Amino acid sequence: GNSVTQMEGPVTLSEEAFLTINCTYTATGYPSLFWYVQYPGEGLQLLLKATKADDKGSNKGFEATYRKETTSFHLEKGSVQVSDSAVYFCALSGGTNAGKSTFGDGTTLTVKP
Amino acid sequence: GAVVSQHPSRVICKSGTSVKIECRSLDFQATTMFWYRQFPKKSLMLMATSNEGSKATYEQGVEKDKFLINHASLTLSTLTVTSAHPEDSSFYICSARVPGGSYYNEQFFGPGTRLTVL
């Protein structure tokens, strides 16, 4: 079945540091890949997505590229802010498990001023 | 983008009572909705897939008589936690799929419902 493995946290960075959160996946077919962000006490918000190989999703300074050859979708940001502190989830949807989403365990990011 | 709402956002109830949580798609019709449960500092656990006009499909280990799901219309799915106990306390999140188009494979999430059973 489908699975998503993402970098264990927590991750603590200073403001303006570079961020990478690794995400790899296992899936058959051609899934779409997503990064979601969850702020304390809230639901999930879509951060970015990519629907096919070599697509790059980007939003609010975050980027991730769908790499089929390495089955990866790593999240990056060049300069983090305190307001980026949240839990980040990598997820996939589709492929042969059409309709359902599979989530990674989440990575907690704390950015200190 | 598509908007999904949940009501209530927070509920506290006594052990043994039933609690109903609503999930609504506000600006689109959702033939499929999903219910998740999230434990503190944990990822989302899919509980069931709710299809409009048919019975929900439950994931392995989820008690269908405990967590009743009704998807009576294209914009509303409900989750009823029957005879709730403290171990049912959790954050419940619904999501909905937008059929086809540019949102293919994407789910839109509600803001979640925090259930506390005393």
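Attention in this report is confined to the structure presented alongside it.

The rules we used
- Residues numbered from 1 in each chain as written.
- Chains lettered and ligands numbered in written order.
- Predicted model: local features only at pLDDT ≥ 70, side-chain atom pairs only at ≥ 80, totals over all residues.
- Heavy atoms only, no water.
- Helix = DSSP H or I, 4+ residues; strand = E, 2+ residues; numbered from the N terminus.
- Rg over C-alpha atoms; globule rule 2.2 N^0.38 Å.
- Buried < 20%, exposed > 50% of the residue type's maximum accessible area, 1.4 Å probe, protein only.
- Contact = heavy atoms within 4.5 Å.
- Areas by Shrake-Rupley, 256 points an atom, 1.4 Å probe, with all protein chains shown as cover.
- Disulfide = S-S within 2.5 Å.
- Buried area = accessible area lost by both parts, 1.4 Å probe.
- Salt bridge = Lys/Arg side-chain N within 4 Å of Asp/Glu carboxyl O.
- Nonpolar A, V, L, I, M, F, W, Y, C, P; charged D, E, K, R; others polar.
- Pairing = 2+ DSSP bridges.
- Axes fitted to C-alpha atoms, helices over the stretch in contact; angles between N-to-C directions.
- Polar contact = N/O pair within 3.5 Å; in protein donor to acceptor, adjacent residues only side chain to side chain.

**Some words on the overall build of chain B**
From N to C terminus, chain B includes 0 helices and 11 strands. Traced from its N-terminal end to its C-terminal end, chain B shows the element sequence β-β-β-β-β-β-β-β-β-β-β. Taking 13 Å as the expected radius of gyration for a compact globule of 118 residues, we find that chain B reaches 14 Å, a close match to that expectation. Counting only C-alpha atoms, chain B reaches 45 × 30 × 25 Å along its principal axes. Relative to its full complement of 118 residues, chain B shows a buried share of 51%. Sequence-distant contacts in chain B: of pairs separated by 6 or more residues, those separated by 24 or more amount to 55%. Accessible area for chain B stands at about 5800 Å²; split by element, carbon and sulfur atoms hold 52% of it.

**Considering the state of the cysteines**
With the rule as written, the count across this model stands at 2 disulfides over all chains. The disulfide partner of Cys-23 of chain A is Cys-90 of chain A, and the gap between their sulfur atoms is 1.9 Å. Residues Cys-23 of chain A and Cys-90 of chain A share a disulfide whose torsion about the S-S bond is about -70 degrees; that sign makes it left-handed. Linking Cys-23 of chain A in strand β4 (residues 23-26) with Cys-90 of chain A in strand β10 (residues 86-94), this pair joins segments that are 67 residues apart in sequence. The exposure class of Cys-23 of chain A is buried, given its relative accessible area of 1%. What pairs with Cys-23 of chain B in a disulfide is Cys-94 of chain B, and their sulfur atoms sit 2.0 Å apart. Because the torsion about its S-S bond is 80 degrees, the bridge between Cys-23 of chain B and Cys-94 of chain B counts as right-handed.

**Remarks on the interface of chain A and chain B**
The interface of chain A with chain B comprises 19 residues on the first partner and 21 residues on the second. Of the roughly 1500 Å² buried between chain A and chain B, counting both surfaces, carbon and sulfur atoms make up 49%. Summed over the shared surface of chain A and chain B, the number is 0 salt bridges. Listing elements by their share of the side of chain A that touches chain B, those giving two or more residues are β5 (31-38), β6 (44-50), β10 and β11 (97-103) of chain A. A breakdown of the residues in the side of chain A that touches chain B according to their chemical character gives 6 nonpolar, 9 polar and 4 charged.

**Regarding the sheet that holds strand β7 (residues 67-73) of chain B**
Strand pairing in a sheet relies on backbone hydrogen bonds, with the paired strands running either antiparallel or parallel. All names here are of chain B. Strand order in the open sheet made by the 4 strands is β1-β3-β8-β7, with antiparallel pairing throughout. In the strand order of this sheet, the two ends are held by β1 (4-7) and β7, each with one partner. Strand-to-strand, the axes of this sheet are offset by a mean angle of 15 degrees, without reference to chain direction. In this structure, β1 lies alongside strand β3 (residues 19-25), joined through 4 bridges in antiparallel fashion.

**Looking at the environment of Ser-89 of chain B**
Residues and elements named next belong to chain B. Relative to the helices and strands, Ser-89 is located in the loop between β8 (76-81) and β9 (90-97). Sequence separation between Ser-89 and Ile-69 is 20 residues; the distance between their C-alpha atoms is 17 Å. For Ser-89, the residues in contact, after removing those within four places along its chain, are Arg-37, Leu-115, Thr-116 and Val-117. Separated by 2.9 Å, the side chain of Ser-89 and the backbone oxygen of Pro-86 make a polar contact. A polar side-chain atom of Ser-89 sits 2.8 Å from the main-chain amide nitrogen of Val-117.

**Comments concerning the sheet that holds strand β9 (residues 75-77) of chain A**
Residues and elements named next belong to chain A. One open sheet accounts for 4 strands, arranged β3-β9-β8-β7; its pairing is antiparallel. Bordering the open sheet on either side are β3 (19-21) and β7 (56-59), each of which pairs with just one other strand. Pairs of neighbouring strands in the sheet enclose a mean axial angle of 15 degrees, with direction left out of account. Where β3 and β9 come together, 3 bridges link them in antiparallel fashion. Across the sheet, residue Thr-20 finds its bridge partner in β9, namely Glu-76.

**Focus: the pairing of β7 of chain B**
All names here are of chain B. For β7 and β8, the ladder comprises 5 bridges, and the chain directions are antiparallel. Across the sheet, the residue bridging to Asn-70 is Thr-78, located in β8. Joining the antiparallel neighbours β7 and β8 is a turn of 2 residues.

In short, the description is geometric, and any link to function would need to be established separately.
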